[in-house]
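# Observations on the model geometry
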Amino acid sequence: MPTLTVDGRVIETAEGKSILEALDDAGLLMNGVDVPHYCWHPKLSVDGSCRLCQVEVEGFPKLQIACNTVVQDGMVVNTTSDRVRKAREGVVELLLINHPLDCPICDQAGECKLQDYAFDYGVEKSRTREPRRAAKKRVDLGPTIVFDQERCILCRRCVRFCDEVPKTRELAVFGRGDRSVIETFPGMELDNPYSMNVADICPVGALTTKDFRFKIRVWFLEDVEGLCTGCANGCNIYLGIANNKVYRYQPRRNDDVNETWMCDAGRLSYRDIGAPDRLQYAYVRDATGSLEAAGYEAAIGAAARRLRAIIGSKGAGVIAGVASAHATNEDLFTFRRFIEALGTETSGVAVPKGDADDLLIKAEKAANAAGARALGLGDASLVADRIRSGGIDALVCLGSDFLGTGLLANVEELAGLDTVIVLDTHKSEFSRVAHVILPTRHAAEKHGTLTNAAGRVQRLRAAVEPAYEAHPDGAVLSHLGKALGLPGFDGSYDVRAVSKALAESEPAFSGIHLDSVGDRGRVLIDPDASQRDREPEGPNL
Amino acid sequence: MISTGTRSKIEAEMERYPQKRGALLPALYLVQAEHGYVSSDTVRELAEIMGLHPVEVMEVVTFYNLFFDRPQPRHHASVCTNLPCSLRGARVLLAQLEEHVGSKVGEPTDDGRLVLGHEECLGACAFAPMMRVDDAYHEDLDLEHAKSILDALE
Ligand code: SF4
Ligand code: SF4
Ligand code: FES
């Protein structure tokens, strides 16, 4: 393995790596060793066009670009010398000659690499008097992105992204030299399932998303680490938060999961959090048959009364439980305990399905389908079958996926049930048949863990608080369990304790809980182990 | 539409290169010779023939000065204004020609007959000043000679 020395630090690296890659792999790039760069991106091919990454390499008379200089064993690199600093100043000065400097009205201000490096390496006085290059402003590139040609520094990151990641090739450099511009082919739009990533990788304010631009200045945002729950991939994200509101999702690098990308649908799914159709109250169906808003406690009481009556007359066997693949491992573990304590044999998880691709997007459109399976929850089709065959009188359902997965022809199939209790984040068709609806928390509002399609257990953090009373599914089940007097349910829900209990009871999760998964998650010991162990007990549990 | 004749010439060019895209420049010359310019529809067609992405073809079209992406006047007359030609009066000559044809550099004449341009070194310094009219060099120019060349253009 070649070894190189950078500013006196000795770094080992793999054969064939560039200086920048070696620094990035060692976790030192911009984190101990500053080599500013525009065109290089860890997940794109090398361009070598911006020249900002020049460093001094012993034995080379001229400065070398760190992004395209392959490490040789024994290489000695200096990134802090006066020559290097002068080179950076030169690059920044040249870029600024034609930059419009419209920072006050630029939405990138505050997270702009040109601003940052101009601050670090900019010269104080402009040495040119010529007018700046005029080019197109506010070019509509497609459904998601707006482009400002004047601000573009031609690093070609966006072009390479479209060529290499979604492989859709919408963007290109047209023209030559000082007349080069980024454009789409005449009549073509930048329109692919990953298009909004170009706004993240654009170092300046040239590419901005229509969704986020001008919503808020970025310095008011706090980034909270979290997960996208749009599908089973579990892309790592930052939630941009201000005033207890989520303004955007942005991908967070995790080379084991989503590299540095996320899909547009997932990115825009933050809108669900504050959507107008969020359930803000509990609802209870009154004696006249109409569904009315109710206090949370009252609704728990009503649900418990109904279930107790059924257990009293027919036993718990006529109660079915449907879990949500959106719920956390902790929620689902509590669900399983709830079902076990109730003593019914009919339960399963409803997993919504959709399109997949070979990049990130998975067919299972919920974040924790694999977690549900690892916890031994079977498919909710069993529940649907038993409802249809008339063996079920009551349903406790987490989320509304049970309606959307095609397991039921329509919601009317549930109209004949004596009791339907729904725990959900948003209003749904369930309002036509449910007897009690209990509001729950969105993934961005609770702590816990989620297991992605590859069996990686990842940490979820509460980034915002709902403005009304809503609890995680596990807590609601715990309250309901207590109201029913179920053994082991005391109405408390300490997610950290539940996570640890889960890790202790499930072999697949051994040692894997909320506090141990770290930033990048941990893979289940054996995603199928739990399922296999539990098989003798029956198809569902 | 690229004619079948041009199409088969392009295909013949493609045979001559280890990678088909190597034939892109000759192919563009053929297409431009047929249409006078390379429209975006033509770019799509050519990309299809050559198995390239339209954007790759467009990048090349816009990179080179001698490919045009929109309809052109019938003739291009470009005076070299690099150092040796300028020393021999090329800039003055160009200004006089602008006056003579009644149109500035880069602006086609109203009848669509001609557009004047200036050019960097065309490698004919020994015969400065010079201009290129379409595919022909005209050297050792003086104003009268240059005017007569332009006047003779259809
Ligand atoms: S638009 Fe942004 S990412 Fe694309 S080349 Fe310009 S500066 Fe780079
Ligand atoms: S691929 Fe899935 S997890 Fe990733 S951003 Fe898209 S919807 Fe979210
Ligand atoms: S990052 Fe190395 S040249 Fe741009």
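Residues numbered from 1 in each chain as written. Chains lettered and ligands numbered in written order. Predicted model: local features only at pLDDT ≥ 70, side-chain atom pairs only at ≥ 80, totals over all residues. Heavy atoms only, no water.

Broken down by element type, chain B carries seven helices and four strands. Going residue by residue from the N terminus, the α and β elements of chain B occur as α-α-α-α-β-α-α-β-β-β-α. In terms of overall dimensions, chain B has a C-alpha envelope of 50 × 35 × 25 Å along the principal axes. Per-residue burial for chain B yields a buried fraction of 42% across its 154 residues. For chain B, long-range pairs separated by at least 24 residues make up 58% of all intrachain contacts whose partners lie at least 6 apart in sequence. (Helix = DSSP H or I, 4+ residues; strand = E, 2+ residues; numbered from the N terminus. Buried < 20%, exposed > 50% of the residue type's maximum accessible area, 1.4 Å probe, protein only. Contact = heavy atoms within 4.5 Å.)

The secondary structure content of chain A amounts to 14 helices and 23 strands. Considering chain A as a whole, with its 541 residues, one finds that 56% of them fall into the buried category. With the model as given, the accessible surface of chain A reaches about 22,700 Å², and the carbon-plus-sulfur share is 49%. With 64 positive and 77 negative side-chain charges, chain A shows a spacing of 4 Å between the two charge centroids. (Areas by Shrake-Rupley, 256 points an atom, 1.4 Å probe, with all protein chains shown as cover. Lys, Arg positive; Asp, Glu negative; His and termini not counted. Charge placed at Lys NZ, Arg CZ, Asp CG, Glu CD.)

Taken together, the contact between chain A and chain B spans twelve residues of the former and 13 residues of the latter. Interface area, chain A with chain B, both sides summed: about 1,100 Å², of which 63% is carbon and sulfur. Where chain A touches chain B, the interface holds one salt bridge. For glutamate 56 of chain B, the salt bridge identified is with arginine 169 of chain A, shortest N-O distance 3.5 Å. In this assembly, chain A and chain B are joined by six residue pairs in polar contact (both at pLDDT 80 or more). (Buried area = accessible area lost by both parts, 1.4 Å probe. Salt bridge = Lys/Arg side-chain N within 4 Å of Asp/Glu carboxyl O. Polar contact = N/O pair within 3.5 Å; in protein donor to acceptor, adjacent residues only side chain to side chain.)

A word on the packing of aromatic side chains. All names here are of chain A. Scanning the model with the defined rule gives nine aromatic pairs over all chains in all. Seen in terms of ring centroids, tryptophan 219 and phenylalanine 220 are 6.3 Å apart; in terms of plane orientation they differ by 50 degrees. Their pairing is tilted. The class of phenylalanine 220 is exposed, set by a relative accessible area of 54%. On the numbers, 6.1 Å between centres and 65 degrees between planes, the contact of tyrosine 249 with tyrosine 270 is edge-to-face. Of this pair, tyrosine 249 sits in strand 13 (residues 245-251) while tyrosine 270 is found in the loop between helix 6 (264-268) and strand 14 (282-285), placing the two residues 21 residues apart along the sequence. A relative accessible area of 3% means that tyrosine 249 is categorised as buried. The exposure class of tyrosine 270 is buried, given its relative accessible area of 11%. (Phe/Tyr/Trp six-rings, centres within 6.5 Å; stacked < 30°, edge-to-face > 60°.)

With that out of the way, let us pick up the domain arrangement of chain B. Domain boundaries assigned for chain B yield domain 1 (4-63) and domain 2 (75-151). Computed over C-alpha atoms only, the centres of domain 1 of chain B and domain 2 of chain B are separated by 30 Å. (Domains from an automatic or database assignment.)

Turning next to the domain arrangement of chain A. Many authors give the size of an interface as the accessible area that is lost as the parts come together. Split into domains, chain A comes out as domain 1 (3-94) and domain 2 (282-532). For domain 1 of chain A versus domain 2 of chain A, the separation of C-alpha centres amounts to 51 Å.

Now for the site of ligand 2. All residues in the neighbourhood of ligand 2 are listed as Cys228, Gly230, Cys231, Asn233, Gly234, Cys235, Met262, Cys263, Gly266, Leu360 and Ile361 of chain A. Partitioning the shell around ligand 2 into residue classes produces seven nonpolar, four polar and no charged. (Near = heavy atom within 4 Å. Nonpolar A, V, L, I, M, F, W, Y, C, P; charged D, E, K, R; others polar.)

Residue and element names in this part refer to chain A. Pairing is mixed in the open sheet, where five strands are placed in the order 2-1-5-3-4. The open sheet has two free edges, formed respectively by strand 2 (9-12) and strand 4 (64-65), since each of these has just one partner strand. Across the sheet, helix 2 (residues 82-97) is in contact with strand 3 (54-57) and strand 5 (75-78); its angle to strand 3 comes to roughly 160 degrees. (Pairing = 2+ DSSP bridges. Axes fitted to C-alpha atoms, helices over the stretch in contact; angles between N-to-C directions.)

This part is about the confidence of the model for chain A. Keep in mind that low pLDDT regions are not for reading the predicted coordinates in detail. Per-residue pLDDT for chain A has a mean of 95; in total, 97% of the residues score no lower than 70. Within the model, the stretch residues 529-541 of chain A combines pLDDT values under 50 with 26 contacts to residues more than four positions away or in other chains. (pLDDT = per-residue confidence, 0-100.)

Applying the stated criterion across every chain, the model contains 49 salt bridges over all chains. Arginine 432 of chain A serves as the salt-bridge partner of glutamate 412 of chain A, at 2.3 Å between the closest nitrogen and oxygen. Linking glutamate 412 of chain A in the loop between helix 11 (401-404) and strand 19 (419-424) with arginine 432 of chain A in the loop between strand 19 and strand 20 (436-439), this pair joins segments that are 20 residues apart in sequence. Given a relative accessible area of 38%, glutamate 412 of chain A falls into the partly exposed group. Its relative accessible area of 48% is what places arginine 432 of chain A among the partly exposed residues. A salt bridge links glutamate 13 of chain B to arginine 16 of chain B; the nearest nitrogen and oxygen atoms lie 3.1 Å apart.

All names here are of chain A. Contact geometry for helix 7 (residues 296-314) and helix 12 (residues 473-484): axes closest at 9 Å, N-to-C directions at 55 degrees. One way to sum up the angle between helix 7 and helix 12 is to call them oblique. Like other packed secondary-structure pairs, helix 7 and helix 12 cross with a definite hand, here right-handed. Touching Tyr296, Ile300, Ala303, Ala304, Leu307 and Arg308 of helix 7 are Val476, His479, Leu480, Ala483 and Leu484, all from helix 12. Taken together, the residues that form the contact of helix 7 with helix 12 break down as nine nonpolar, one polar and one charged. (Parallel < 35°, antiparallel > 145°, perpendicular 65-115°, else oblique. Left-handed = near helix turned anticlockwise from the far one by under 90°.)

Quick look at the layout of surface pockets now. A volume near 1,400 Å³ is recorded for the largest pocket. For the lining of the largest pocket, the element with the most residues is strand 13 of chain A, which contributes four residues. Residues belonging to the lining of the largest pocket are distributed by class as follows: 16 nonpolar, ten polar and 17 charged. Approximately 1,100 Å³ is the volume found for the second largest pocket. Lining the second largest pocket are 36 residues, and of these Arg179 of chain A together with Tyr64, Asn65, Phe67 and Phe68 of chain B lie nearest its centre. Contributing elements (two or more residues each) for the lining of the second largest pocket: strand 9 (181-184) of chain A together with helix 4 (54-63), strand 1 (75-80) and strand 2 (114-119) of chain B. (1 Å grid on protein atoms, 1.4 Å probe; cavity = no way out; pocket = protein on both sides within 12 Å on 5 of 7 lines; lining within 4 Å. Points joined across faces, edges and corners; volume = space filled by probe spheres on them.)

Attention now moves to helix 4 of chain B. The periodicity of an α-helix, 3.6 residues per turn, causes residues three or four positions apart to be oriented the same way. Most of helix 4 of chain B sits inside the fold, with seven of its ten residues counted as buried. Those residues of helix 4 of chain B that sit buried are Pro54, Val55, Glu56, Val57, Met58, Val60 and Val61 of chain B. Where helix 4 of chain B is buried, its residues meet strand 8 (171-174) of chain A together with helix 2 (24-35) and helix 3 (40-50) of chain B.

Moving on, we come to a nonpolar patch on the surface. A surface patch of nonpolar side chains, amounting to about 440 Å² of accessible area, comprises Leu25, Tyr29, Phe63, Tyr64 and Leu66 of chain B. Secondary-structure assignment places tyrosine 29 of chain B in helix 2. (Patch = residues over 30% accessible without salt bridge, like charges linked within 9 Å, V, L, I, M, F, W, Y side chains within 5 Å.)

The immediate surroundings of ligand 1 are formed by 14 residues, with Cys152, Cys155, Arg156, Cys158 and Cys202 of chain A found nearest. The class makeup of the residues in the shell around ligand 1 is twelve nonpolar, no polar and two charged.

This part covers the side chain of threonine 69 of chain A. All names here are of chain A. Along the chain, the position of threonine 69 falls in the loop between strand 4 and strand 5. At 2.6 Å, the side chain of threonine 69 and the backbone oxygen of isoleucine 65 are in polar contact. Setting aside residues up to four positions removed in sequence, threonine 69 forms contacts with Lys17, Ser18, Ile19, Gln64 and Met75.

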